[in-house]
Amino acid sequence: MVGRTLINVAIIGGGPGGLGTAIALSQLPFVQVSLYEKNPEPREAGAGISLSTNAWKVLDLLGASNGVKGGSKANTHQRNAHTGTILSVVPSPENSKADSRGAIRARRTRLQSALLSRVPEGIIRYDKKLIHLEDLANDGVRLVFHDQTETVADLVVGADGIQSEPISQIVRRTLLPNHHLSFTGTIAWRVIVPKANLAHISDITSFTSWWWGETGHVYFSDVDDDSEETPHFEITVRGYREPEIPGKTVVWGVPATNDRVESRVEKYDQRIKDAVNVVPEGAWREFAMFAGPRLDRIIGWENKVALIGDASHPLSGAFGSGATFAMEDGWILARALEYTQSLSLPVGDALEIFNTIRSPYYARMYEHLDESEERLRKAREETKSFDEFLRAKIKYFLYGDKDFIYKNDIQKVWKDYIEAVGRH
Ligand SMILES: Cc1cc2nc3c(=O)[nH]c(=O)nc-3n(C[C@H](O)[C@H](O)[C@H](O)COP(=O)(O)OP(=O)(O)OC[C@H]3O[C@@H](n4cnc5c(N)ncnc54)[C@H](O)[C@@H]3O)c2cc1C
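The name given to the chain in an unreviewed UniProt entry is FAD-binding monooxygenase, with Penicillium cataractarum as the source organism.

Set out below in structure tokens:
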């Protein structure tokens, strides 16, 4: 594929990663891009999403920052979920002077709308669930959809996440048949409710707060700013020691009963129970966390397929920045294609560059998680009380140095790469 005038790219999945990639690639005149989404219309499961300086950087590059707004995350309270004791009040570490917008928690639908508004018309095909893909060697990749239509693409971007239904993770599973995800034992239940409905409960709506328990935690946060007519508030309940899910199907955004969620907070502070009681039946959504062996390489089939976002590295919400990682992946892929096209290099070289830049970044995240896990293990052994343990956990696990994530400047990453290759 040297010197081709038009590269035909198929993106599978319309989450933040797929949409970000569609925006970045549609700006390249030599790329013809199509995005295939299994849902019949835009759909976003989940409640709020944290956006930090790294998110603003990539959203600015995609021209999609406008309209993304939410609640501030400054002054986060950390508490013992059983006793309510305040363990620390921490200004958000991501509140960088480099970007006055700082860290916010926004409704997921806002991010989705902002991205959708930047995808040129005619690119997204809804109700197109990919069920099969096949390597056609020099002729590209054949894609077959559930409605029996098919197409051939020069490049496939797997942005299909890890979501439910038996045929999920189709691109990664076809590319890497021996790579399996397994249930981590953690489930999150998430909801957003009108903030006014929680106003009668003391200490819940005044700050972003984490309430840490023995077998889980609860998170409360604004997802709207003051300009909203009916500001909403997020509640996430997490259980760490949940039983194995029969059939190991990924459960993602499915409704959960109030009884199920309430049973997870029975041993917690009354304020948590009161807040959870406010949620109307049918509003909770359940997300089971799955993870698998880490991937060293996120491209395949002789560089015709690239995996981005959760499809390559499902981090189960660790770092609270997965949507940004997915968008950064797409932006870098676009830069790499632009670069190889300008030098009349094969398209496959662009994927190699994408892998060279992004795989070590993901590896660094996993190193950080391993380190935190080890520190946590030590803290469990060395601390004498639960509060003492929680303080150690908060210090190392939550507020260890994560500037490489929250302040990541993806444009600078690309510039540094170009400078480095120029020197060789
Ligand atoms: C509890 C929790 C909290 C989190 N908090 C944050 C946070 O605060 N900030 C943050 O940035 N991230 C957070 N994340 C992570 C974030 O949600 C993900 O990293 C992000 O959504 C990944 O985006 P994606 O585009 O890769 O995949 P997804 O968002 O999963 O999108 C995948 C898309 O592919 C589609 N699809 C799937 N299969 C097919 C198919 N066969 N054919 C066609 N389409 C298909 C799906 O319908 C979907 O639209 C959190 C995650 C969890 C679980």
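Still to come is the rest of the account.
## Some thoughts on the overall build of the chain
Helices and strands together make up the secondary structure of the chain, namely 11 helices and 20 strands. Here the chain has a C-alpha radius of gyration of 22 Å; the compact-globule value for 424 residues is 22 Å, and the two agree. Taking the principal axes of its C-alpha atoms as reference, the chain extends roughly 65 × 50 × 45 Å. For the chain, the residues scored as buried account for 54% of the 424 residues in total. Of the contacts formed within the chain by residues at least 6 apart in sequence, a portion of 75% connects residues at least 24 apart. Between the averaged position of the 50 positive side-chain charges in the chain and that of its 56 negative side-chain charges there is a distance of 3 Å.

## Brief notes about the packing of helix H7 (residues 322-342) against helix H8 (residues 347-382)
At a closest axis distance of 8 Å, the pairing of H7 and H8 adopts a crossing angle of 150°. Considering the angle they form, H7 stands roughly antiparallel to H8. Between H7 and H8 the crossing geometry is right-handed. For the pair formed by H7 and H8, the contact residues are Phe325, Ala326, Glu328, Asp329, Ile332, Leu333, Ala336, Leu337, Tyr339 and Thr340 on the first element and Val347, Asp349, Ala350, Leu351, Ile353, Phe354, Ile357, Arg358, Tyr361, Tyr362 and Met365 on the second. Among the residues forming the contact of H7 with H8, the class breakdown is 16 nonpolar, one polar and four charged.

## What about the side chain of threonine 236?
In this structure, threonine 236 sits in strand E16 (residues 232-239). For threonine 236, the residues in contact, after removing those within four places along its chain, are Ala188, Trp189, Arg190, His217, Val218 and Tyr219.

## Things to note about helix H3 (residues 108-116)
Within the sequence span of H3, burial applies to Arg110, Leu111, Gln112, Ala114 and Leu115. Lining the buried residues of H3 we find helix H1 (16-26), strand E3 (48-51), helix H2 (53-62), strand E7 (104-107) and H7.

## Considerations on the nonpolar core
Soluble globular proteins tend to pack their nonpolar side chains together in the buried interior. Grouped together as the largest cluster of nonpolar side chains are 70 residues, with contacts concentrated most on Ile11, Leu25, Leu62, Leu115, Leu133, Leu143 and Leu337. The leading source of residues in this core is H7, at eight residues. The residues contacting isoleucine 11, other than those within four sequence positions of it, are Gly18, Thr21, Ala22, Leu25, Val33, Ser34, Leu35, Tyr36, Val157 and Ala159. If you look at the next biggest cluster of nonpolar residues, it comprises 30 residues, including Leu181, Phe183, Ile235 and Ile272.

## A look at the pattern of salt bridges
Two side chains carrying opposite charge are able to pair once their charged atoms lie near each other. Applying the stated rule across the entire model yields 26 salt bridges. For arginine 142, the salt bridge identified is with glutamate 134, shortest N-O distance 2.5 Å. What makes glutamate 134 partly exposed here is its relative accessible area of 30%. Salt-bridge contacts for glutamate 242 lead to arginine 264; the nearest nitrogen and oxygen are separated by 2.7 Å. Here arginine 264 lies in the loop between helix H5 (258-263) and helix H6 (270-277) and glutamate 242 lies in the loop between E16 and strand E17 (252-255), a separation of 22 residues in the sequence. The class of glutamate 242 is buried, set by a relative accessible area of 10%. Each of Lys69, Arg107, Arg110, Asp224, Asp225 and Glu228 takes part in a single network of salt bridges with overlapping partners.

## Observations concerning the packing of aromatic side chains
One pass over the structure, following the stated rule, counts 13 aromatic pairs. Arranged with centres 6.0 Å apart and planes meeting at 80°, the rings of tyrosine 339 and tryptophan 414 form a pair that is edge-to-face. Here tyrosine 339 is found in helix H7, whereas its partner tryptophan 414 is found in helix H11 (residues 410-423), with 75 residues between them in sequence. One aromatic cluster in this structure is built from Phe319, Phe325, Tyr361, Tyr362 and Phe404. Note that arginine 190 overlies the ring of phenylalanine 287, its terminal NZ or CZ placed 5.2 Å from the centroid. For arginine 335, the ring lying beneath its charged end belongs to tryptophan 331, and the centroid distance is 4.8 Å.

Calculation rules
Residues numbered from 1 in each chain as written. Predicted model: local features only at pLDDT ≥ 70, side-chain atom pairs only at ≥ 80, totals over all residues. Heavy atoms only, no water. Helix = DSSP H or I, 4+ residues; strand = E, 2+ residues; numbered from the N terminus. Rg over C-alpha atoms; globule rule 2.2 N^0.38 Å. Buried < 20%, exposed > 50% of the residue type's maximum accessible area, 1.4 Å probe, protein only. Contact = heavy atoms within 4.5 Å. Lys, Arg positive; Asp, Glu negative; His and termini not counted. Charge placed at Lys NZ, Arg CZ, Asp CG, Glu CD. Axes fitted to C-alpha atoms, helices over the stretch in contact; angles between N-to-C directions. Parallel < 35°, antiparallel > 145°, perpendicular 65-115°, else oblique. Left-handed = near helix turned anticlockwise from the far one by under 90°. Nonpolar A, V, L, I, M, F, W, Y, C, P; charged D, E, K, R; others polar. Core = buried A, V, L, I, M, F, W, Y, C linked by side-chain atoms within 4.5 Å. Salt bridge = Lys/Arg side-chain N within 4 Å of Asp/Glu carboxyl O. Phe/Tyr/Trp six-rings, centres within 6.5 Å; stacked < 30°, edge-to-face > 60°. Lys NZ or Arg CZ within 6 Å of the ring centre and 35° of its normal.

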